[in-house]
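Structure assessment
What follows is the residue order along each chain.
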Amino acid sequence: MEKVGLKGKRLNGAEISTKHANFIVNRGGANGADITALMDMTRERVQSQFGIALEPEIRVMGEA
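Residues numbered from 1 in each chain as written. Predicted model: local features only at pLDDT ≥ 70, side-chain atom pairs only at ≥ 80, totals over all residues. Heavy atoms only, no water.

1. Observations regarding the overall build of the chain
Under the convention used in this document: Every helix listed is a DSSP run of H or I at least four residues long, and every strand listed is a run of E at least two residues long, numbered separately from the N terminus. Values of the radius of gyration come from C-alpha atoms, whereas the globule rule sets the reference at 2.2 Å times the count of residues to the power 0.38. Each residue's exposure class comes from its accessible area (1.4 Å probe, protein chains only) as a fraction of the maximum for that residue type: buried when under 20%, exposed when over 50%, partly exposed otherwise. What sets the accessible areas is the Shrake-Rupley method with a 1.4 Å probe; for residues, cover comes only from the shown protein chains. We score Asp and Glu as negative and Lys and Arg as positive, and we do not count His or the chain ends. Positions of charges follow a simple convention, taking NZ of Lys, CZ of Arg, CG of Asp or CD of Glu.
The helix and strand inventory of the chain stands at 1 helix and 3 strands. Reading the helices (α) and strands (β) of the chain from amino to carboxyl end gives β-β-β-α. The C-alpha radius of gyration computed for the chain amounts to 11 Å, which stays within 12% of the reference 11 Å derived for 64 residues, consistent with globular compactness. With 64 residues in all, the chain has 22% of them scored as buried. Of the roughly 4700 Å² of accessible surface on the chain, a fraction of 49% belongs to carbon and sulfur atoms. Side chains of the chain give 9 positive and 8 negative charges; the mean places of these two sets differ by 8 Å.

Written out as structure tokens, the structure is:
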């Protein structure tokens, strides 16, 4: 995420960590939709800039 410029990117209460860009941090009030949106934004940016398709290492359950 550092190379695509998303370190520190915030969406409502969800933020891509400023210390380690592979983590999403809840700064207060983030919901699942906020986190999912940041994940999607990251995957799209990496795909467009580097041609690499990132796969989540988690299983998302429930409704966003």
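2. Description of the environment of M61
As for its position among the elements, M61 is in the segment after α1 (32-50). Judged by relative accessible area, M61 falls into the exposed class, the value being 68%. Along the primary structure M61 and A33 are separated by 28 residues, whereas in three dimensions their C-alpha atoms are 12 Å apart.

3. Thoughts on α1
Under the convention used in this document: To estimate the expected span of a helix, count its residues, drop one, and scale the result by 1.5 Å. It is the directions from the helix axis to the C-beta atoms whose arc is reported. Two residues qualify as a contact provided that any one of their heavy atoms is within 4.5 Å of a heavy atom in the partner residue.
Along its 19 residues, α1 runs 27 Å from first to last C-alpha, staying within 8% of the 27 Å computed at 1.5 Å per residue. Among all positions of α1, only D34, L38, M39, T42 and V46 are buried. Along the axis of α1, the buried residues cluster in a sector spanning 135°; they form a single face. Turned more than 90 degrees away from the buried face of α1, the exposed residues are E44 and S48. Those residues of α1 that are buried lie in contact with β1 (10-11), β2 (14-16) and β3 (24-26).

4. A closer look at the sheet that holds β2
Using the following cut-off: Two strands pair under a simple rule: DSSP has to find at least two bridges between them. Each axis is a line fitted through C-alpha atoms, and for a helix only the stretch in contact is used; angles between axes span 0 to 180 degrees, taken between their N-to-C directions.
Spatial ordering of the open sheet is given by β1-β2-β3, a layout of 3 strands whose pairing is antiparallel. Only two strands of the sheet have a single partner each, and these edge strands are β1 and β3. Sheet analysis places β1 next to β2, joined by 2 bridges and oriented antiparallel. The residue bridging R10 from the neighbouring strand is E15, located in β2. Running at roughly 30° to β2, α1 makes contact with β1, β2 and β3 of the sheet.

All quantities given are derived from atomic positions and should not be read as evidence of function.
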